[in-house]
Amino acid sequence: MRAAVIKEWGTPLEVTDVPKPEPGPGEVLVRISASGVCHTDIHQWKGDWPPVQALMIQHGVRILGHEGIGVVEEVGLGVSTLKKGDRVGVPWMNYWCGRCEYCLSGYPHWCPHAKYTSVHVDGTHAEYAIISERATPRIPKEISDVEAAPLMCAGVTAYGAVRKLITEAAIPPGKPIAIIGAAGGLGHYAVQIAKAFGYTVVGIDVGAERVKFVEKLGADYAVDVGEADKFVMDKWGGVYASVVFTPRLEGYRLGLRLLRPLGALVFVGLPDMKEGGLELYPLVVVGRGIRIFGSSVGVTHEFEELFNLVVQGKVKSHVTKTASLSEINEVFKDLEEGKIVGRAVLKI
Ligand SMILES: [Zn+2]
Ligand SMILES: [Zn+2]
């Protein structure tokens, strides 16, 4: 099969022929037709995250990509809920055990036996990829390959984070919440999802162009980062939650400042470790009853809920670039240089 393979970390990927993988027990082989390119790909490719790189080396993984869409071509031993021809996705979560405390309480994200696509198992920038039956979302016919691809990571990560406002923070619809980094690859989904949930959304980003985009997404209020403190305090005296997608500590500091007592701070964006940590004053957290949640990716039932919103037209993907597998190095370069606003998808 054709695949984009890492030969040396951070040097151009080689699009070449490699052996087609075979599905083991409980796994399916998916013929990939579209594969979204995520910023995480760039970090993995350059070896920016040593623990992830170590796992890739340990498992012999050299193919990136965790936003795959395709059709089941072959099923492994014991697979009972999927068959040849089913249209499915291949997201970041590739396997979880289904038996541990995390899996059984609905949080396989933290399963100690979890496997990630493009980390423990080769990724989707290839003609074929493998995924376990239980981790495989089915794609509704109303959603095209290109629109579905970025939902596999960016979309479901935003969904999982905003969903926590209901399930963990118990914030009723109608209340004001802030999305920080609202114009970004994840934030633009979060604005639409939070609106679909009925929240009053203030979308915060940097610069007139990005603020304009946030407004177009349907945010109730789109505000530049420089005006956010005054705007929120004057209007409500604080928001019920800040969901932070910006990969900058400054975004978290802003999110914390904007909270009303009992407010929730949801962590999603990952600042470079070199930026250091966040200074949290216990006096502030205790005194104001601040609640903190970390949120990463999403799993099967969250995909189904998100797909429903997409089918209803309440959430749209902003794919601004499509390319072929052989053009992957140009797409990586454009993404690295910040030239792609919205998401890029490879058609394979
Ligand atoms: Zn991703
Ligand atoms: Zn488990």
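Worth saying up front: this structure is predicted, and the values here are computed from it rather than measured.

### Focus on a nonpolar patch on the surface
Phase 1: On the surface, a nonpolar cluster with roughly 350 Å² of combined accessible area is contributed by Tyr281, Leu283 and Val284.
Phase 2: Tracing the sequence through the fold places Val284 in helix H10 (residues 282–288).

### A look at the coordination of the zinc ion (ligand 2)
Phase 1: Around the zinc ion (ligand 2), the donor atoms from the protein are Cys97 (SG), Cys100 (SG), Cys103 (SG) and Cys111 (SG), and they sit 2.3 to 2.4 Å away.
Phase 2: One can describe the donor arrangement at the zinc ion (ligand 2) as tetrahedral, given that its 4 donor atoms subtend angles of 106 to 115° at the metal.
Phase 3: Every donor residue of the zinc ion (ligand 2) comes from the same chain, spaced as C-x2-C-x2-C-x7-C. Here the residue Cys100 occupies a position in the loop between strand E6 (93–95) and helix H3 (101–104), and Cys111 occupies one in the loop between H3 and strand E7 (115–116), the gap between them amounting to 11 residues. Both residues of the pair, Cys100 and Cys111, count as buried.

### With respect to the pattern of salt bridges
Oppositely charged side chains can pair when the atoms bearing their charge come close.
Phase 1: In total, this model carries 19 salt bridges according to the counting rule given.
Phase 2: Between Glu215 and Lys212 there is a salt bridge whose closest N-O contact spans 3.7 Å. Highlighted residues: Glu215 and Lys212, both in helix H7 (residues 208–216), separated by 3 residues, approximately one helical turn.
Phase 3: A relative accessible area of 47% means that Lys212 is categorised as partly exposed.

### With respect to the domain arrangement of the protein
Phase 1: Under the domain assignment used here, the protein contains domain 1 (2–153 + 298–347) and domain 2 (156–294).
Phase 2: Computed from C-alpha atoms alone, the centre-to-centre distance between domain 1 and domain 2 is 27 Å.
Phase 3: In this complex, domain 1 contributes 19 residues to the contact, which on the side of domain 2 involves 17 residues.
Phase 4: When the two sides are added together, the surface that domain 1 and domain 2 hide from each other amounts to roughly 1,600 Å², 59% of it contributed by carbon and sulfur.
Phase 5: For domain 1, the biggest contributors to the area lost against domain 2 are Cys153, Glu302 and His318; these three give 25% of the whole.
Phase 6: Inspection of the domain 1/domain 2 interface yields 1 salt bridge.
Phase 7: Where Glu305 meets Arg163, a salt bridge forms, and the shortest distance between an N and an O atom there is 2.7 Å.

### So, the environment of Arg87
Phase 1: When you line up the elements, Arg87 lands in strand E5 (residues 87–90).
Phase 2: Residue Arg87 is classed as partly exposed on the basis of its relative accessible area of 23%.
Phase 3: Ignoring sequence-local partners within four residues, the contact set of Arg87 consists of Ile69, Gly70, Val71, Pro137, Arg138, Ile139, Pro140, Lys141, Ile143, Ser144 and Asp145.
Phase 4: Polar contacts involving the side chain of Arg87 include one to the side chain of Asp145, which spans 2.9 Å.

### Quick word on the coordination of the zinc ion (ligand 1)
Phase 1: The zinc ion (ligand 1) binds to the protein through Cys38 (SG), His66 (NE2) and Cys153 (SG); the donor distances cover 2.0 to 2.2 Å.
Phase 2: Spacing between the donor residues of the zinc ion (ligand 1) along the chain follows C-x27-H-x86-C. Of this pair, Cys38 sits in the loop between strand E3 (27–37) and helix H1 (39–46) while Cys153 sits in the loop between helix H4 (145–148) and helix H5 (154–167), and the two are 115 residues apart along the sequence. With respect to burial, Cys38 and Cys153 carry one shared label: buried.

### A short note on the UniProt feature "domain: Enoyl reductase (ER)" (unreviewed entry) in the protein
Phase 1: Per the UniProt record, "domain: Enoyl reductase (ER)" (unreviewed entry) is found at residues 10–346.
Phase 2: Within the segment residues 10–346, helix and strand shares are 31% and 24% respectively, and the terminal C-alpha atoms sit 19 Å apart.

### A closer look at the packing of H5 against helix H11 (residues 300–311)
Phase 1: Orientation of H5 relative to H11, taken along the N-to-C sense of each, is 100°, at an axis distance of 10 Å. By the angle class used here, H5 and H11 are roughly perpendicular. Contact with H5, carried on its side by Gly155, Val156, Tyr159, Gly160 and Arg163, involves His301, Glu302, Phe303, Glu305, Leu306 and Leu309 of H11 and no other residues of that element.
Phase 2: When its residues are assigned to classes, the contact of H5 with H11 shows 5 nonpolar, 3 polar and 3 charged.

### Side note on the nonpolar core
Phase 1: In terms of nonpolar packing, the biggest core is built from 47 residues, with Leu165, Ile177, Ile179 and Ile193 touching the most fellow members.
Phase 2: Residue assignment for this core shows that the elements contributing at least two residues are H5, strand E9 (176–180), helix H6 (187–196), strand E12 (239–244), strand E13 (259–267) and H11.
Phase 3: Counting the residues that make up this core, at least three belong to each of domain 1 (2–153 + 298–347) and domain 2 (156–294).
Phase 4: Judged by nonpolar contacts, the second largest core, of 41 residues, contains Leu13, Val61, Leu335 and Ala344.

### Describing the pairing of strand E11 (residues 221–224)
Phase 1: Looking at chain direction, strand E10 (residues 200–205) and E11 are connected through 4 bridges and run parallel. Note that in E11 the partner of Val202 across the bridge is Tyr221.
Phase 2: What joins E10 to E11 is H7, and the crossover it makes is right-handed.

Parameters at a glance
- Residues numbered from 1 in each chain as written.
- Chains lettered and ligands numbered in written order.
- Predicted model: local features only at pLDDT ≥ 70, side-chain atom pairs only at ≥ 80, totals over all residues.
- Heavy atoms only, no water.
- Patch = residues over 30% accessible without salt bridge, like charges linked within 9 Å, V, L, I, M, F, W, Y side chains within 5 Å.
- Areas by Shrake-Rupley, 256 points an atom, 1.4 Å probe, with all protein chains shown as cover.
- Salt bridge = Lys/Arg side-chain N within 4 Å of Asp/Glu carboxyl O.
- Helix = DSSP H or I, 4+ residues; strand = E, 2+ residues; numbered from the N terminus.
- Donors = N, O, S within 2.8 Å, 3.2 Å for Na, K, Ca; no water.
- Tetrahedral: all angles 85-135°; square planar, octahedral: opposite > 155°, others 65-115°.
- Buried < 20%, exposed > 50% of the residue type's maximum accessible area, 1.4 Å probe, protein only.
- Domains from an automatic or database assignment.
- Contact = heavy atoms within 4.5 Å.
- Buried area = accessible area lost by both parts, 1.4 Å probe.
- Polar contact = N/O pair within 3.5 Å; in protein donor to acceptor, adjacent residues only side chain to side chain.
- UniProt positions renumbered as here; feature names shortened; annotations may be inferred.
- Axes fitted to C-alpha atoms, helices over the stretch in contact; angles between N-to-C directions.
- Parallel < 35°, antiparallel > 145°, perpendicular 65-115°, else oblique.
- Nonpolar A, V, L, I, M, F, W, Y, C, P; charged D, E, K, R; others polar.
- Core = buried A, V, L, I, M, F, W, Y, C linked by side-chain atoms within 4.5 Å.
- Pairing = 2+ DSSP bridges.
- Right-handed = clockwise from strand over helix to strand, strands pointing away.

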